[in-house]
Amino acid sequence: MASGSEPHTADGQAFGSRGARILAVTGGVVIVVLVVAVAVLAVRPAGGPVARDAGPAAAASPSPGPSAAPAVAEIYQRIGPSVVMVRTDRGSLGSGVIAADDGTVLTANHVIADGGAVSLLFADGTRSTATVASADREADIATLVPANLPQPVVPATLGGRVAVGGEVVAVGNPLGLAHSVSSGVISGVGRTATTDSGTLTGLIQFDASVNAGSSGGPLLDAEGLVVGIVVSIADPGQDDAFAGIAFAVPIGSALGGGGSGEGRGPQI
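Residues numbered from 1 in each chain as written. Predicted model: local features only at pLDDT ≥ 70, side-chain atom pairs only at ≥ 80, totals over all residues. Heavy atoms only, no water.

Student: Can you help me understand the overall build of the protein in this one?
Tutor: Helix and strand counts for the protein stand at 3 helices and 14 strands. When burial is assessed residue by residue, the protein has 47% of its 268 residues classed as buried. Total accessible area on the protein is roughly 12,100 Å²; 54% of this is exposed by carbon and sulfur atoms. (Helix = DSSP H or I, 4+ residues; strand = E, 2+ residues; numbered from the N terminus. Buried < 20%, exposed > 50% of the residue type's maximum accessible area, 1.4 Å probe, protein only. Areas by Shrake-Rupley, 256 points an atom, 1.4 Å probe, with all protein chains shown as cover.)

Shown next as structure tokens:
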């Protein structure tokens with residue numbers, strides 16, 4: 001979370017530099033996440049004349065097309081059991097996602113960086129304390145080990161590469177509004193954001209609306225695969241409001257395997 005030298009909101013929550021703001025809530029501050037949507041254009045071929053001596057016309061059989069991508073509502077239903085609310089007893093609020101069969105939760109490091117005791121609220125209502133298994137300030141990613149697990153444990157399905165213009169969906173707890181969903185598109189990859197935690201590189205830029213409390217939540221592609229962890233938003237007006245630009249750490253980087261994701265923006 002923010003240090004004593006960082007700017008704060010009226011309720012005492014720390015924020016990042018003019019470049020980027022952390023997406024966690026401290027003393028009432030919330031995280032932000034984004035989602036992306038795409039448009040599809042269908043084309044109908046024109047018909048042609050039929051010869052007078054043509055035999056019986058064969059029944060038209062449409063060629064099989066690619067399977068339709070799931071709707072945002074379907075993606076939300078699938079990811080719902082895997083999304084977690086993350087809190088510390090020092091007032092920080094953020095999001096997380098179950099990333100493994102053993103219940104390990106991925107979140108943004110700044111959500112739990114205040115050093116307070118960590119508690120989790122799972123989608124089925126299960127509450128648990130958690131220990132910090134790893135904390136990477138440079139990547140702004142942390143992993144949590146819950147003391148208690150929901151039954152059954154439903155880990156998210158993790159994805160891989162992303163492309164500019166691809167649809168995305170973000171799910172988290174913006175402003176404490178549990179399990180909120182938004183959608184949008186990937187606006188850029190390989191972005192850089194200067195934040196309270198330092199300079200983050202290789203980020204995914206997306207335009208799905210997010211707010212404080214969304215940090216640590218999953219960013220999913222059009223197939224419902226987790227492709228990133230939401231960490232910050234751009235805030236050019238310095239009013240802690242979403243300006244249509246948000247950033248996520250690619251899932252490969254979040255898992256320690258590197259990843260592509262390019263730009264500049266404030267942490268929230």
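Now, onward.
Student: Before we go on, may I ask you to explain the nonpolar core in this structure?
Tutor: As a rule of thumb, nonpolar side chains are buried together in soluble globular proteins. If you look at the biggest cluster of nonpolar residues, it comprises 34 residues, and the most contacted ones within it are Ile-79, Val-86, Leu-106, Leu-120 and Leu-144. Counting residues in each nonpolar core, the second largest holds 13 residues, with Ile-186, Leu-219, Ile-233 and Ala-248 among its members. (Core = buried A, V, L, I, M, F, W, Y, C linked by side-chain atoms within 4.5 Å.)

Student: Looking at this structure, how should I read the side chain of Ser-128?
Tutor: Positionally, Ser-128 belongs in strand β7 (residues 127–136). For Ser-128, a relative accessible area of 5% puts it in the buried group. A polar contact is formed between the side chain of Ser-128 and the backbone nitrogen of Ala-147, at a distance of 3.0 Å. The residues touching Ser-128, leaving out its near neighbours within four places in the chain, are Val-118, Ser-119, Leu-120, Phe-122, Pro-146, Ala-147 and Asn-148. (Polar contact = N/O pair within 3.5 Å; in protein donor to acceptor, adjacent residues only side chain to side chain. Contact = heavy atoms within 4.5 Å.)

Student: What am I meant to see in unusual backbone geometry here?
Tutor: Glycine aside, the phi torsion of most residues is negative, and most peptide linkages are trans. With an omega dihedral of 0°, the bond running from Gln-151 to Pro-152 counts as a cis peptide bond. Looking at the element boundaries, Pro-152 is found in the loop between β8 (141–146) and β9 (167–172). Positive phi values are uncommon outside glycine, yet Asp-140 reaches one of about 60°. Assignment of secondary structure puts Asp-140 in the loop between β7 and β8. Backbone geometry at Leu-175 places phi at a positive 55°, although glycine is not the residue there.

Student: Looking at this structure, I do not really get the pairing of strand β14 (residues 246–250). What am I missing?
Tutor: Counted residue by residue, β14 has 5 buried out of 5 residues, so it is predominantly covered. Sheet topology note: the strand β11 (residues 198–206)/β14 ladder contains 3 bridges and is antiparallel. Counted as the bridge partner of Ile-204 is Ala-248 from β14. Sheet topology places strand β13 (residues 226–233) next to β14; 4 bridges connect them, and they run antiparallel. Its bridge partner being in β14, Ile-233 is matched across the sheet by Ala-246. (Pairing = 2+ DSSP bridges.)

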